[in-house]
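Topology and contacts: notes
So the chains spell out like this:
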Amino acid sequence: MTEMAPIKARVTHHFAALPERVFDAWLDPAMIGRWMFGSAVREEEILHIKLDPQVGGSFSFLVRRDGNEIDHVGEYLEIARPRRLVFTWAIRENLPDSSRVAVEIVPLESGCELILTHELHPDWADFVNRVEDSWTKMLAALAAVLR
């Protein structure tokens, strides 16, 4: 049996901020609560943001949305500040199923460009546009926070 290749959702965003600031926003609980979750991106309440930002470390971002608690969890696979961050991404109740997110940050003369690639199981192919839209919204919120 041949394993099917993952489906890739890809988003690019230009930031008028140094690569270090953009990178650090992914590993700072206070910053994550300002751009990845909460009222900056959708109607939800942040219950906790916990992370152990080292290779092999894990994270848990627990929110309440529409009366349901959703725990976004993952493990850090690569941390190469300020250029690359790779982690798994899942909803706790769906484990062991998870996806993989790679964040590449390229320095530019004025700020940096972030390229995010979210690899999903082929069963999630119908959700690629929603995944791209969600990351686009979160990255726009991050840009606003970093201004």
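Our structure's up above, just so we're on the same page.
The paragraphs below set out a description of the structure included in this document. (Residues numbered from 1 in each chain as written. Predicted model: local features only at pLDDT ≥ 70, side-chain atom pairs only at ≥ 80, totals over all residues. Heavy atoms only, no water.)

1. A short note on the environment of W124
Definition in use: To qualify as a helix, a DSSP run of H or I must reach at least 4 residues; to qualify as a strand, a run of E must reach at least 2; elements of each kind are numbered from the N terminus.
Here W124 lies in the loop between β7 (111-120) and α3 (128-146). For the pair formed by W124 and K8, sequence separation is 116 residues and the distance between their alpha carbons is 10.0 Å.

2. Observations regarding the packing of aromatic side chains
Here the distance between the centres and the angle between the planes together describe a pair of aromatic rings. Using the following cut-off: Ring pairs are drawn from Phe, Tyr and Trp, using the six-membered ring of Trp, whenever the two centres fall within 6.5 Å, and their geometry is named by plane angle: stacked under 30 degrees, edge-to-face over 60, tilted for the rest. Whether a residue is buried, partly exposed or exposed follows from its accessible area with a 1.4 Å probe, protein chains only, as a fraction of its type maximum: under 20%, in between, or over 50%, in that order.
Considering all chains together, one arrives at 14 aromatic pairs under this definition. Here W26 and W35 contribute two aromatic rings whose centre-to-centre distance is 4.8 Å and whose plane-to-plane angle is 70°, an arrangement assigned as edge-to-face. Ring geometry for F37 versus W89: centroids 6.5 Å apart, planes at 10°, classification stacked. One end of the pair, F37, is in the loop between α2 (29-35) and β2 (45-51); the other, W89, is in strand β5 (residues 84-91), with 52 residues separating them in the sequence. By the burial criterion, F37 is buried, and W89 matches it. Among the aromatic residues, those joined into a cluster by ring pairs are W26, W35, F37, F59, F61, Y76, F87, W89 and W135.

3. What about the pairing of β5?
Rules: Whether two strands pair depends on DSSP finding at least two bridges between them.
With six of eight residues buried, β5 lies mostly within the body of the structure. Between the antiparallel neighbours strand β4 (residues 68-80) and β5 lie three residues.

4. Here we look at the sheet that holds β7
In sheet architecture, strand pairing relies on hydrogen bonds along the backbone and comes in two forms, parallel and antiparallel. So the rule is basically this: Axis definition: a line fit to C-alpha positions, over the contact stretch in the case of helices; interaxial angles, taken between N-to-C directions, run 0 to 180 degrees.
Reading across the sheet, the seven strands line up as β1-β7-β6-β5-β4-β3-β2 and stay open at both edges, with antiparallel pairing between neighbours. What marks the edges here is a single partner per strand, and that holds for β1 (7-15) and β2. Adjacent strand axes in the sheet meet at a mean angle of 20° when their direction is disregarded. In the sheet, strand β6 (residues 99-108) pairs with β7 via nine bridges, with the strands oriented antiparallel. Across the sheet, the residue bridging to V101 is H118, located in β7.

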